[in-house]
Amino acid sequence: DGGTEYLALDADSLVQRLGSLQDLRQRLGDPAGWQVREVGDGNLNLVFIVEGPSGAAVVKQALPYVRLVGESWPLPLTRAFFERHALQRQAARCPGRVPEIYHYDDGQALTVMEYLTPHVILRKSLAAGRVHENLAAHLAAFTAETLFRGSDLCMETRQRKADLALFADNVDLCDITESLVFTDPYYAAELNRHTTPQLDGYVAALRADQELKVQAQHLKAGFASKAQTLLHGDLHTGSIMVTDGDTRMIDPEFAVYGPMGFDIGMLLANFLMAFHAQAGHEAAPGARDPYRDWLLQVVQEVWDGFAARFRALWQSERSGILYPAALFEDQGHHMAAEKACSDYLREVWVDTVGYCGVEMHRRILGLAHIAELDDIADADRRADCERRALELGRLLVLGRHSIAGPAEIAALARRIE
Ligand code: ADP
Ligand code: MG
Ligand code: MG
Ligand code: MG
């Protein structure tokens, strides 16, 4: 019923308003038996779990403002439209890694989707020190397949331009990323916060580092103009849900065309921050060393797995605008095609390292923090963890052109005092 005026749902009105949808009645059973609870723990939207006699679903609805801040920060409802378009593309490009969509209503800014259960948010699982065997492989496949298949290495030119134009309207969410990730952490912006007074000196030095600010803006220039592919746009460990064997990506409302390294870098940064947070959570110094090793192993395996899958797709699905086989394989010039792939991947790596660094800064100095650091109750101990993560971020932003691979990042992460 896209014709009716937008109205935010609550647990009571949801049954009345969605109970008449045939596809949902079939899936969930008689609406008289639906149980609804609001579970949203995110920064922006309403999320309800609806359980019926014969099935369950999640209903996510955008609000006309930022949930974390309130009505004083308006944000367009259209983010639900972009999220659902991104979910549909991700499902086609990497089957099985996102929740299935059951129903959507762009006018009401809502999406009804698969209830992921017994999944938990990966960030919480990392805080609990749990290992997930298939996680790195799933993340590598998701990034490689969504980023390659959404790029002009794979897409036909007309479809590609139409898609770029569609997502170009996700302006306000993109603006949030541009400000919160690339600018606010590097000066005393109003919504910033950091552990004070412990970090004050370090933060002052960081903000006085002129080369760092130049490099952060170079990275922002890449984010704003290098439209390589459709990004998830918010691929942190709070946008990933896991069980022992399954991994799903949720919440792509920040989807926009940008550089591949943005998604991968944000993802790796969240494992590296979890690494530096361990000292705030372990019972005795060193107690979580095996877990530290596993977190760094995930970083290694995500990049290696991404690159391997990307190379395979370069061989088998390079049917888009760029590097046409007519110039290479068809001429017998296989080596040149491989060289081009290596060059392309090298650029993605350099971007990945840089975006990884700025993500570490903004999660400690900006508006949106992460639980594994915020939850360290002792402020001195928390500040020690945060300082190490900030310093690693700085080394990554400044050193991204000369850092050879994930093993070098792991070595830097371990070495920081
Ligand atoms: P926001 O955009 O506000 O961050 P999210 O999409 O991240 O909203 O959802 C907020 C929370 O709701 C998630 O952290 C998760 O706990 C829960 N959630 C969201 N989607 C699902 C789903 N498909 N299945 C189960 N839980 C979900
Ligand atoms: Mg979220
Ligand atoms: Mg959120
Ligand atoms: Mg979100």
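We now turn to the structure provided with this report.

### Overview of the packing of helix 10 (residues 260-277) against helix 15 (residues 406-415)
It is the contact of helix 10 with helix 15, at a shortest axis distance of 11 Å, that shows an interaxial angle of 25°. For the element pair helix 10 / helix 15, the angle class is roughly parallel. Of the two elements, helix 10 crosses helix 15, and the hand of that crossing is right-handed. The segment helix 10 lies against helix 15, with L272, F275 and H276 engaging I409, A413 and R414. Of the residues in the contact of helix 10 with helix 15, the class split is four nonpolar, one polar and one charged.

### Structural notes on the site of ligand 1
Every one of the 17 residues lining ligand 1 counts as a neighbour, but D41, N45, K60, E114 and E253 are closest to it. Take D251: an N or O atom from its side chain is 2.9 Å from an oxygen atom of ligand 1. Protein burial of ligand 1: of its 550 Å² of free accessible surface, 92% is covered by the chains.

### What to know about the sheet that holds strand 11 (residues 247-249)
The sheet built from three strands is open, its strands ordered 8-10-11 with antiparallel pairing. Edge positions in the sheet fall to strand 8 (120-121) and strand 11, since each has one partner strand and no second. Alignment of strand 8 against strand 10 (residues 240-242), held across two bridges, turns out to be antiparallel. Bridging from a neighbouring strand, V120 pairs with V242 of strand 10. Docked against the sheet, helix 5 (residues 135-149) engages strand 10 and strand 11, running at close to 35° with respect to strand 11.

### Things to note about the nonpolar core
Formed by 89 residues in total, the largest nonpolar core has its most connected members in F271, L272, F310 and L396. Among the elements that line this core, the one with the most residues is helix 12 (residues 334-365), at 14 residues. Residues lining this core come from more than one domain, with at least three contributed by each of domain 1 (11-113) and domain 2 (120-415).

### Some thoughts on helix 3 (residues 79-93)
An ideal rise of 1.5 Å per residue puts 21 Å on 15 residues; helix 3 measures up with 21 Å between its terminal C-alpha atoms. Burial analysis of helix 3 places eleven of its 15 residues in the buried class, which makes it a mostly covered element. Three or more residues of helix 3 are buried, namely R79, A80, F82, E83, R84, H85, A86, L87, R89, Q90 and R93.

### So, helix 14 (residues 379-399)
The α-helix winds at 3.6 residues per turn, so residues separated by three or four positions along the chain end up facing the same way. Counted at 1.5 Å a residue, the expected span for helix 14 with its 21 residues is 30 Å, and the 29 Å between its end C-alpha atoms agrees. Of all the positions in helix 14, only R382, A383, C385, E386, A389, L390, E391, L392, G393, L396, V397 and G399 are classed as buried. Capping the start of helix 14, D378 holds a side-chain oxygen 3.0 Å from the backbone nitrogen of D380, two or three residues further along.

### A word on unusual backbone geometry
Trans is the prevailing form of peptide bonds, just as negative phi is the prevailing case for residues other than glycine. Look at the link from T117 to P118: it is a cis peptide, with omega at 10°. With respect to the helices, strands and loops of the structure, P118 is situated in the loop between strand 7 (110-113) and strand 8. Cis geometry marks the peptide bond from T196 to P197; its omega dihedral reads 5°. Structurally, P197 can be placed in the loop between helix 7 (171-182) and helix 8 (200-207). A positive phi angle is found at A109, which is not glycine, with a value near 55°. Take A109: it is sitting in the loop between strand 6 (101-105) and strand 7. Positive phi outside glycine occurs at D251, with the angle close to 65°. Tracing the backbone shows D251 in the loop between strand 11 and strand 12 (256-258). Its relative accessible area of 17% is what places D251 among the buried residues.

Rules behind the numbers
- Residues numbered from 1 in each chain as written.
- Chains lettered and ligands numbered in written order.
- Predicted model: local features only at pLDDT ≥ 70, side-chain atom pairs only at ≥ 80, totals over all residues.
- Heavy atoms only, no water.
- Axes fitted to C-alpha atoms, helices over the stretch in contact; angles between N-to-C directions.
- Helix = DSSP H or I, 4+ residues; strand = E, 2+ residues; numbered from the N terminus.
- Parallel < 35°, antiparallel > 145°, perpendicular 65-115°, else oblique.
- Left-handed = near helix turned anticlockwise from the far one by under 90°.
- Contact = heavy atoms within 4.5 Å.
- Nonpolar A, V, L, I, M, F, W, Y, C, P; charged D, E, K, R; others polar.
- Near = heavy atom within 4 Å.
- Polar contact = N/O pair within 3.5 Å; in protein donor to acceptor, adjacent residues only side chain to side chain.
- Areas by Shrake-Rupley, 256 points an atom, 1.4 Å probe, with all protein chains shown as cover.
- Pairing = 2+ DSSP bridges.
- Core = buried A, V, L, I, M, F, W, Y, C linked by side-chain atoms within 4.5 Å.
- Buried < 20%, exposed > 50% of the residue type's maximum accessible area, 1.4 Å probe, protein only.
- Domains from an automatic or database assignment.
- Expected span 1.5 Å × (residues − 1).

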